[in-house]
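# Coordinate analysis (summary)
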Amino acid sequence: AAPAPMASLSFSGIPFGPTQLFATPTSFEWGPGMFTGSHDFVSPSGLVTQLNTARQKGLRVVVAMTGGRPSDFLTNGKFDVNKWKKRMSTFNTTTLRNAVAAAVSDGTLIGNTMIDEPETVQWGGNITKSMLDGMAVYAKGIFPTLPMGIGAGPPAYKWRSTERYTKLDFVRYQYSYNVTSGNVGAWRDAVLAQARKDGVAP
């Protein structure tokens, strides 16, 4: 059975932490010390344990339920949404649905990254914002209260900039000094402007 939400849990501010803070569902690469958040791949078999560990440590987490190699999700060199759905469906159990609902309710779990950098050539060039909306709808059919999002590379706010999301909740925009020549202010302003147009939380 999934744990009930813990009334004593209290969060404030923006979660701060690295990608892949968790080494296993019960241990960390370091710390967690000062960190209040993490973004990690999670498997169906480790999800409940990892959420319980995060809760005990007072961490807020974003998970990647369908992380892994792009090749796992390609057919003839193109992203195959049916392969993605097959992986996502492995989380569709009563135990996991209850655990996710409890973790969203108490603030431990704040999102699921469905795919990382869909704008890059590694996915075959056939992904659109409407396709990502459809994936969010599918995943919310399993976890209706869990925000669904994507990871985006530093220049990706320009990707399909005339298209709009209608179902996606967030985009995890990544900054890179090498890509933007260090002008973080200009990059931030451009990202926030595109996020407003797209109706997503950055």
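Scope of this entry: the structure provided in the associated data block.

### Considerations on the nonpolar core
Grouped together as the largest cluster of nonpolar side chains are 50 residues, with contacts concentrated most on Met65, Leu109, Phe143 and Tyr173. With sequence-adjacent residues up to four places away left out, Met65 is seen in contact with Phe41, Val42, Leu47, Arg87, Met88, Phe91, Val100, Asn112, Thr113, Phe143 and Leu146.

### Things to note about the environment of Gln122
For Gln122, the position within the fold is in the loop between β7 (109-116) and α4 (129-142). C-alpha separation for the pair Gln122 and Val191, spaced 69 residues apart in sequence, amounts to 23 Å. Ignoring anything within four residues of it in the chain, the contact list for Gln122 reads Pro70, Leu74, Asp116 and Glu117. Among the polar contacts listed, one links the side chain of Gln122 to the side chain of Thr120, at a separation of 3.0 Å.

### A word on the pairing of strand β8 (residues 148-152)
Every other side chain in a regular strand lies on the same face of the sheet, so the side chains alternate between the two faces. Burial of β8 is extensive: 5 of the 5 residues sit out of reach of the surface. Side-chain alternation along β8 places Met148, Ile150 and Ala152 on one buried face and Gly149 and Gly151 on a second face that is also buried. Sheet topology places β7 next to β8; 3 bridges connect them, and they run parallel. Looking across to β8, one finds that Asn112 is bridged to Met148. This β-α-β element, β7 to α4 to β8, shows right-handed connectivity. The sheet contact formed by β8 and strand β9 (residues 170-173) spans 4 bridges and is parallel.

### Digging into the packing of aromatic side chains
Describing an aromatic ring pair means giving the distance of the ring centres and the angle of the ring planes. Counted under the stated rule, the structure contains 6 aromatic pairs. The interplanar angle of 45° and the centroid separation of 4.7 Å between the aromatic rings of Phe22 and Phe28 together place this pair among those described as tilted. We note that Phe22, like Phe28, is buried. In this structure an aromatic cluster arises from ring pairing among Phe73, Phe79 and Trp123.

Procedures and definitions
- Residues numbered from 1 in each chain as written.
- Predicted model: local features only at pLDDT ≥ 70, side-chain atom pairs only at ≥ 80, totals over all residues.
- Heavy atoms only, no water.
- Core = buried A, V, L, I, M, F, W, Y, C linked by side-chain atoms within 4.5 Å.
- Buried < 20%, exposed > 50% of the residue type's maximum accessible area, 1.4 Å probe, protein only.
- Contact = heavy atoms within 4.5 Å.
- Helix = DSSP H or I, 4+ residues; strand = E, 2+ residues; numbered from the N terminus.
- Polar contact = N/O pair within 3.5 Å; in protein donor to acceptor, adjacent residues only side chain to side chain.
- Pairing = 2+ DSSP bridges.
- Right-handed = clockwise from strand over helix to strand, strands pointing away.
- Phe/Tyr/Trp six-rings, centres within 6.5 Å; stacked < 30°, edge-to-face > 60°.

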